[in-house]
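Coordinate analysis (summary)
Given next are the chains, with one letter for each unit.
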Amino acid sequence: MTCDQYLTFNNGMKMPALGYGTWQAPDDEVETALHFALEAGYRHIDTAPVYMNEKAIGRVLKEWLDSGRVKREELFITTKLPPPANVPDYVEPTLRNSLADLQLDYIDLYLIHTPFGVMMENNDFKRDENGLIVVDPTTDHIAVWKKMERLLDLGLAKSIGISNFNQKQIQRVLDNCTVRPANLQIEHHVYLQQPELIDFCKTEGITVTAYSPLGSKGIANLNKMAGVERELPDLMDIPEVKEIAEAHGKTPAQVLLRWILDSGVAAIPKSTNAKRLKENLDIFDFNLTDEEMEKMKSLDANVRICDFKFFPGVDKHPEFPF
């Protein structure tokens, strides 16, 4: 079973519309899960340096590539420029570090992870006396984007894009770029649909990828560690979603993902459970009716789960997007 649906970038590249997300998967878990994912048929893998698991992912990719079980051109690998490296001079060396960890010669899609930059100290985010993350207020999207464009000339990345940028920030890049962003990665699910932002991207020829398409229970742990008290919604328990799932003989997760893909958006659900990994990929034998699509659309509640409150202080950055 493989993903038989693709999004086509403005440069002609194709990205599998369903990928495998690796956020909050420690090394031992991600190695086992990535083997499961590749065996199940996933070929689009999404990672980032801040997930702290690129070396583990690299070990699995090398094993599969060296054994001939998969060819490099069959894989679509996305990674990201982390917030502490949101500085022009750090763009190329940071990607080269990721390539070394992933044991790859190039990345299919390289994204600026956030529109804000932060300071580093002792291999961690720098914090002030109140425990707040110290931001780097000098973040310059245009200067960073010019260095992102250079990665294409160097052959280190096939496509470049952005993540967590708002419409105003995207427009600034569009107004000053030589190469337009190929993709925007944002939180997107039935409770946070962001239709204006997605319509804007479609008009501008920018594909969209949904992270946390099934919600994100892991954010509850991050919130707890940061002392943030917050009730998070369970998207699998929405009555309308369960009703549609029952009508198709599918799980609520499969319906949530099918709705995103039927809307022309890619999705990168994360799971380390072999059964759920397969279920998440088993969504290409059905489509939602127009009525079901509208019912899902009506669930939008503008509820952002990943609001970065687990990184206290980043909302002080002048480019904080929300």
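As named in an unreviewed UniProt entry, the protein chain is Alcohol dehydrogenase [NADP(+)], taken from Musca domestica. According to UniProt, the comment filed for the protein chain under the heading Sequence similarities (unreviewed entry) is "Belongs to the aldo/keto reductase family."

Things to note about the overall build of the protein chain
Within the protein chain, the secondary structure is distributed over 11 helices and 14 strands. Taken over the C-alpha trace, the protein chain has a radius of gyration of 19 Å; the compact-globule value for 322 residues is 20 Å, and the two agree within 12%. Projecting the C-alpha coordinates of the protein chain onto the three principal axes gives extents of approximately 55 × 45 × 40 Å. A burial count over the protein chain gives 54% of its 322 residues as buried.

Observations concerning the nonpolar core
The biggest cluster of nonpolar side chains holds 77 residues, and the ones touching the most others in it are L18, Y110, M148, I170, L184 and M296. It is helix α9 (residues 252-262) that contributes the most residues to this core, 7 residues altogether. Setting aside residues no more than four positions away along its own chain, L184 makes contact with I162, S163, N164, F165, I170, L197, C201, I206, T207, V208 and T209.

A closer look at the side chain of N86
With respect to the helices, strands and loops of the structure, N86 is situated in the loop between β5 (76-81) and α3 (91-102). What makes N86 buried here is its relative accessible area of 3%. There is a polar contact of 2.8 Å between the side chain of N86 and the backbone oxygen of T114. Within the local environment of N86, its side chain forms a polar contact with the backbone oxygen of F116, the two atoms lying 3.1 Å apart. Sequence-distant contacts of N86, that is, excluding residues within four places in its chain, are made with L81, I112, T114, P115, F116, G117, T139 and V144.

Remarks on helix α1 (residues 27-40)
In a regular helix each residue adds 1.5 Å, so 14 residues correspond to 20 Å; α1 covers 20 Å between its end C-alpha atoms and thus fits that length. V30, A33, L34, H35, A37, L38 and A40 are the residues of α1 that are buried. Of the surrounding secondary structure, the elements contacted by the buried residues of α1 are β3 (20-21), β4 (44-46), α2 (54-67) and α10 (274-281).

A few points about the packing of aromatic side chains
Summed over the entire model, instances satisfying the criterion amount to 11 aromatic pairs. Taken together, a centroid distance of 6.0 Å and an interplanar angle of 80 degrees make the contact between F9 and F76 edge-to-face. Of this pair, F9 sits in the loop between β1 (6-8) and β2 (14-16) while F76 is found in strand β5, placing the two residues 67 residues apart along the sequence. On the basis of relative accessible area, F76 is assigned to the buried category, the value being 3%. Taken together, the ring pairs in this structure connect W23, Y51, F116, F125, F308, F310, F311, F320 and F322 into an aromatic cluster. Between the NZ or CZ atom of R72 and the centre of the ring of Y106, over which it lies, the distance is 4.0 Å.

Description of unusual backbone geometry
Notably, Q103 is not glycine yet its phi reads approximately 60 degrees, a positive angle. For Q103, a relative accessible area of 38% corresponds to the partly exposed category.

What counts and how
- Residues numbered from 1 in each chain as written.
- Predicted model: local features only at pLDDT ≥ 70, side-chain atom pairs only at ≥ 80, totals over all residues.
- Heavy atoms only, no water.
- UniProt positions renumbered as here; feature names shortened; annotations may be inferred.
- Helix = DSSP H or I, 4+ residues; strand = E, 2+ residues; numbered from the N terminus.
- Rg over C-alpha atoms; globule rule 2.2 N^0.38 Å.
- Buried < 20%, exposed > 50% of the residue type's maximum accessible area, 1.4 Å probe, protein only.
- Core = buried A, V, L, I, M, F, W, Y, C linked by side-chain atoms within 4.5 Å.
- Contact = heavy atoms within 4.5 Å.
- Polar contact = N/O pair within 3.5 Å; in protein donor to acceptor, adjacent residues only side chain to side chain.
- Expected span 1.5 Å × (residues − 1).
- Phe/Tyr/Trp six-rings, centres within 6.5 Å; stacked < 30°, edge-to-face > 60°.
- Lys NZ or Arg CZ within 6 Å of the ring centre and 35° of its normal.

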